[in-house]
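A look at the structure
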Amino acid sequence: MTASNSKTQYTSYQEVWERSQSDPAEFWLSESEYINWITPPATALSHPSETEWRWFPDGTLNVSANALDRHVDAGRGDAIALIADSAMTGTQERVSYTELRDRVAVFAGALRDLGVVKGDRVLVYCPMTPEAVIAMLACARLGAIHSVVFGGFAANELAARIDDAKPRVIVTSSGGLEPGRQVPYLPLVHRALEICGAESSGVSAVVVADRAHVPGTAADFTGSAGAGATWYDWDTIVAAATPADPVPVHANDPLYILYTSGTTGSPKGIVRDSGGYAVALSWVMRGIYDFGPGDTIFTASDVGWVVGHSFIVYGPLLAGGTTVLYEGKPVGTPDPGSFWRVLAETGAKILSTAPTALRAIRREDPELREREKYDLSRLRAIYLAGERMDPETWHWVRDGIGVPVVDHWWQTETGWPICANPLGIEELTVKAGSTTVPMPGFDVRIVDSAGVDITAPDVEGNIAIKLPLPPGGMLEIWGSRQRFLDSYLAAFPGYYASGDAGHFDEDGHLFVMGRTDDVINVAGHRLSTGSLEEVLTQHPAVAECAVIGIHDPLKGQRAAGFVTVSRGTRIPNEELAAALIALIRDRVGPVASFRDVTVVNRLPKTRSGKILRKTMRQIVDGEAYTVPATIEDSGVIDEFIAALAQTVSAPPTRAVTLPR
Ligand code: COA
Ligand code: AMP
């Protein structure tokens, strides 16, 4: 079957969802026909036990060929696959399917020359330039497993991912561009390799895409054997390479590892399969986004996040449409009209972004004056994810832009939306604050802390998904099946624990209210408070600490640190706060946006020593709070409130406005 976004095949959301539940094998096998298989799967699902399942176990395919070659072979090679728009450099590049296929094939050839074979890991640490997409698709072409690391992470975080994934090759760039500064990637890669230890890292090569706009750094490294690896210039190895053919992989072979924050400091490498993901994304593009050949989607995220993997790279290309890769911000690059400019210039049908981006635009342009400058007549819908959408901003954007605004809920682990409004089937009633209804394949329940199903209108609880997860859901955590079982399947037997809490209303619409664990969402970026605490305690003056996610009017949440000082240490609060803010930036990266430190005499705790994070957050956010009867000493709450007046808050770095 060819990719198509015709609505005619689906009658109603209810019918489609019920079919996916009553006969999942039949449903997904029929959806699998939208993918070009090398060996078409005869079996949809192998499910030997409650906690073990695999989709399309006997199918073989190549995902990169499905994303590129298939469309070229179908005579659509001249269609635009990728529009790379950089608000940072004022450039826009349009790449056809034929050109993208050729650039991917030859870069795959270059990786092959560096020894990369099927199953090897390749770490991609790049800014939002076409090379990032090419590197990902080149890995997929070889059956190698890519692991993309977001550019806002520092060397330590990069090292943790290198250590875990053990990549053979790292693909990086001479640098990224953030408002007012350049991001030098090479010293970060160098330092990360040193942290890992040259011998143990296993990285034999670093490939550097040298950006003309960020000059002067690649030359210091290429050709050298820095930090145990040989450093190569992208253009040089590509010039010497021949195109590589797509390598067949099994549907269950990993396509990528994507690290995400858990409750501990060590990130979890979410492993994605190949066949199930391709089938699921192909469904999503039609069923949820109503997207196909001839359509353009602008997903304003980063390839370092799951949103970027699914809806900048794989989803739109599998569907044969045009995807926009945007380097820039919603505001300040140069103004709050950037998104509307990109939508108008690319003729995009869909904008997908995080609520925080809309809040940023609203703060600077509440009347949406910039929007008036652009022709948005081709825009059909706006999709939001990454954090809870506040109803006020939802109304503002829906009324201001005049298209459906779909809040959809999903996670790195699921790879695609668990709940959404499936505009490709029918537009359901929209309710501000709700992520609408479960998508096919997802049987979403509310369970109590014992795992008992308490699903009923307006009953709040843990959001859990009945096993098995549908195609495209995570296979496991890289390197540890046990950690996968412990993290997701042990809490509520028979269910996947989402880590989110919420409720259904009387119409079966889901409201996702927040996390139940120590994960926070800062500007749509998922961070672990545990990992921030691990860094704070590395400072010799810190005796104890707690990091909590507090309300932030722009970013939804931001991390705030509370520390006690080691006995005998004399250091002014401002000095300690500045040191801790710098430490987090150095060890975790600027993405943590860590700016608030409060020095306290004691942390509020229960008698058993558990820090009362929820009570602390409620106090800081000015909410009604309850002090548990198990508190160690109730006087600590008054002390805590008094200490808040002394919080040191570093001002946010000022975004520099670029000239048009
Ligand atoms: N490489 C290096 N540094 C990066 C980076 C990257 N790819 N992305 C962000 N950073 C840095 C920023 O430069 C900033 O550094 P600073 O402290 O020196 O200013 C810091 O990380 C925090 O960045 P960010 O969270 O983006 O905040 P901001 O204040 O620069 O911008 C918004 C605020 C709301 C405009 C911005 O967060 C945004 O566009 N959010 C959209 C969210 C999104 O796309 N989420 C993806 C998941 S769906
Ligand atoms: P990530 O894995 O980075 O995509 O983050 C996933 C988490 O972001 C989810 O578990 C939620 O906590 C949050 N999230 C994502 N989308 C939404 C949404 N639409 N509404 C509320 N929270 C969301």
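Residues numbered from 1 in each chain as written. Chains lettered and ligands numbered in written order. Predicted model: local features only at pLDDT ≥ 70, side-chain atom pairs only at ≥ 80, totals over all residues. Heavy atoms only, no water.

Focus on the side chain of Asp505
With respect to the helices and strands, Asp505 occurs in the loop between strand S26 (495-504) and strand S27 (510-515). Contact partners of Asp505, with chain neighbours within four places excluded, come to Lys431, Pro457, Asp458 and Phe511. (Helix = DSSP H or I, 4+ residues; strand = E, 2+ residues; numbered from the N terminus. Contact = heavy atoms within 4.5 Å.)

Focus on the site of ligand 1
Near ligand 1 lie 25 residues; those nearest to it are Glu178, Arg181, Pro330, Lys555 and Arg585. Arg181 has a polar side-chain atom sitting 2.8 Å from an oxygen atom of ligand 1. A distance of 3.0 Å separates an oxygen atom of ligand 1 from a polar side-chain atom of Lys329. Notes on ligand 1: free accessible area 930 Å², of which the protein chains cover 88%. Along the lines of polarity and charge, the residues of the shell around ligand 1 split into 10 nonpolar, 8 polar and 7 charged. (Near = heavy atom within 4 Å. Polar contact = N/O pair within 3.5 Å; in protein donor to acceptor, adjacent residues only side chain to side chain. Areas by Shrake-Rupley, 256 points an atom, 1.4 Å probe, with all protein chains shown as cover. Nonpolar A, V, L, I, M, F, W, Y, C, P; charged D, E, K, R; others polar.)

Here's the deal with the site of ligand 2
Neighbouring ligand 2 are 17 residues, the closest being Asp407, Thr412, Asp500, Arg515 and Arg526. Residue Asp500 places a side-chain N or O atom 2.5 Å away from an oxygen atom belonging to ligand 2. Arg526 places a polar side-chain atom, nitrogen or oxygen, 2.6 Å from an oxygen atom of ligand 2. Bound to the protein, ligand 2 loses 94% of the 490 Å² it would expose on its own. The residue makeup of the shell around ligand 2, split by class, is 5 nonpolar, 6 polar and 6 charged.

Some remarks on the UniProt feature "domain: AMP-binding enzyme C-terminal" (unreviewed entry) in the protein chain
Here, UniProt's "domain: AMP-binding enzyme C-terminal" (unreviewed entry) annotation points to residues 532-610. Its end C-alpha atoms 18 Å apart, residues 532-610 is made of 25% helix and 32% strand. (UniProt positions renumbered as here; feature names shortened; annotations may be inferred.)

Things to note about the domain arrangement of the protein chain
Examined at the domain level, the protein chain breaks down into domain 1 (94-250), domain 2 (274-436), domain 3 (444-517) and domain 4 (519-655). Placing the centre of domain 2 and that of domain 4 at their C-alpha centroids yields a distance of 33 Å. Taken together, the contact pairs 10 residues of domain 2 with 10 residues of domain 4. Across the interface of domain 2 and domain 4, roughly 800 Å² is buried in total on both sides, 51% from carbon and sulfur atoms. Taken as a group, Trp305, Thr356 and Arg359 account for 49% of the area that domain 2 buries against domain 4, more than any other trio of residues on that side. Between Arg526 and Glu413 there is a salt bridge, with its nearest N and O atoms 2.8 Å apart. Counting the contacts that link domain 2 with domain 4 gives 5 residue pairs in polar contact (both at pLDDT 80 or more). (Domains from an automatic or database assignment. Buried area = accessible area lost by both parts, 1.4 Å probe. Salt bridge = Lys/Arg side-chain N within 4 Å of Asp/Glu carboxyl O.)

Some remarks on the pairing of strand S30 (residues 542-552)
Here S30 lies mainly inside the structure; 8 of its 11 residues are buried. Both S30 and strand S31 (residues 556-565) contribute to a ladder of 10 bridges, which runs antiparallel. Residue pairing across strands places Glu544 opposite Thr564, the latter belonging to S31. The antiparallel pairing of S30 with S31 creates a hairpin that spans 3 residues between the two strands. (Buried < 20%, exposed > 50% of the residue type's maximum accessible area, 1.4 Å probe, protein only. Pairing = 2+ DSSP bridges.)

Focus: the pattern of salt bridges
Counted according to the given criterion, the structure contains 39 salt bridges. With a closest N to O distance of 3.1 Å, Glu15 and Arg19 form a salt bridge. Of this pair, Glu15 and Arg19 both sit in helix H1 (residues 13-22), 4 residues apart, which is roughly one turn of the helix. The partly exposed category is assigned to Glu15, whose relative accessible area is 31%. Between Arg515 and Asp500 there is a salt bridge; the shortest N-O distance is 4.0 Å. Of this pair, Arg515 sits in strand S27 while Asp500 sits in strand S26, and the two are 15 residues apart along the sequence. Judged by its relative accessible area of 24%, Arg515 is partly exposed. Each of the salt bridges in this network shares a partner with another, and the network as a whole consists of Glu15, Arg19 and Glu26.

Let's talk about unusual backbone geometry
A cis geometry characterises the amide bond from Thr333 onward to Pro334, with omega recorded as 0°. A cis amide bond, omega 0°, links Leu467 with the succeeding residue Pro468. Within the secondary structure, Pro468 is located in the loop between strand S24 (461-466) and strand S25 (476-477). One non-glycine residue, Phe56, adopts positive backbone phi at about 50°. On the secondary structure map, Phe56 appears in the loop between strand S2 (52-55) and strand S3 (60-61). Unusually for a residue other than glycine, Asp290 sits at a positive phi of about 55°. Within the secondary structure, Asp290 is located in the loop between helix H11 (275-287) and strand S16 (296-299).

Here's the deal with the sheet that holds strand S17 (residues 322-327)
Pairing is mixed in the open sheet, where 7 strands are placed in the order S5-S4-S17-S16-S18-S19-S20. Pairing within the sheet leaves two strands with one partner each, and these edge strands are strand S5 (91-96) and strand S20 (405-407). Mean inter-strand twist for the sheet, computed between neighbouring axes without regard to direction, equals 20°. Looking at chain direction, S16 and strand S18 (residues 350-353) are connected through 3 bridges and run parallel. Paired with Thr299 across the two strands is Ser352, which belongs to S18. Relative to the sheet, helix H13 (residues 338-346) contacts strand S4 (80-86), S5, S16, S17 and S18, its axis offset from that of S17 by approximately 150°. (Axes fitted to C-alpha atoms, helices over the stretch in contact; angles between N-to-C directions.)

Some words on H13
Extensive coverage of H13 is indicated by the burial of 7 of its 9 residues. Among all positions in H13, only Ser338, Phe339, Trp340, Arg341, Val342, Leu343 and Thr346 are buried. One or two residues past the end of H13 sits Gly347, with phi positive at roughly 65°.

Considerations on the pairing of S26
The buried fraction of S26 amounts to 10 of the 10 residues, a majority that puts the element mostly inside the structure. For S24 and S26, the ladder comprises 5 bridges, and the chain directions are antiparallel. Following the sheet pairing, Ala464 is matched in S26 by Ala497. Two strands pair when backbone bridges link them, and S26 and S27 are joined in this way by 5 bridges, in the antiparallel orientation. Each residue of the ladder has a partner; that of Phe504, found in S27, is Leu510. Where S26 folds back on S27, the antiparallel hairpin that results is connected by 5 residues, among which Gly508 adopts a positive phi of roughly 80°.

Details of the sheet that holds S26
Strand order in this open sheet of 4 strands is S23-S24-S26-S27, and the pairing throughout is antiparallel. Two strands in the sheet have a free side with no partner beyond their single neighbour: strand S23 (444-447) and S27. Averaged over all neighbouring strand pairs, the angle between strand axes comes to 50°, with direction disregarded.

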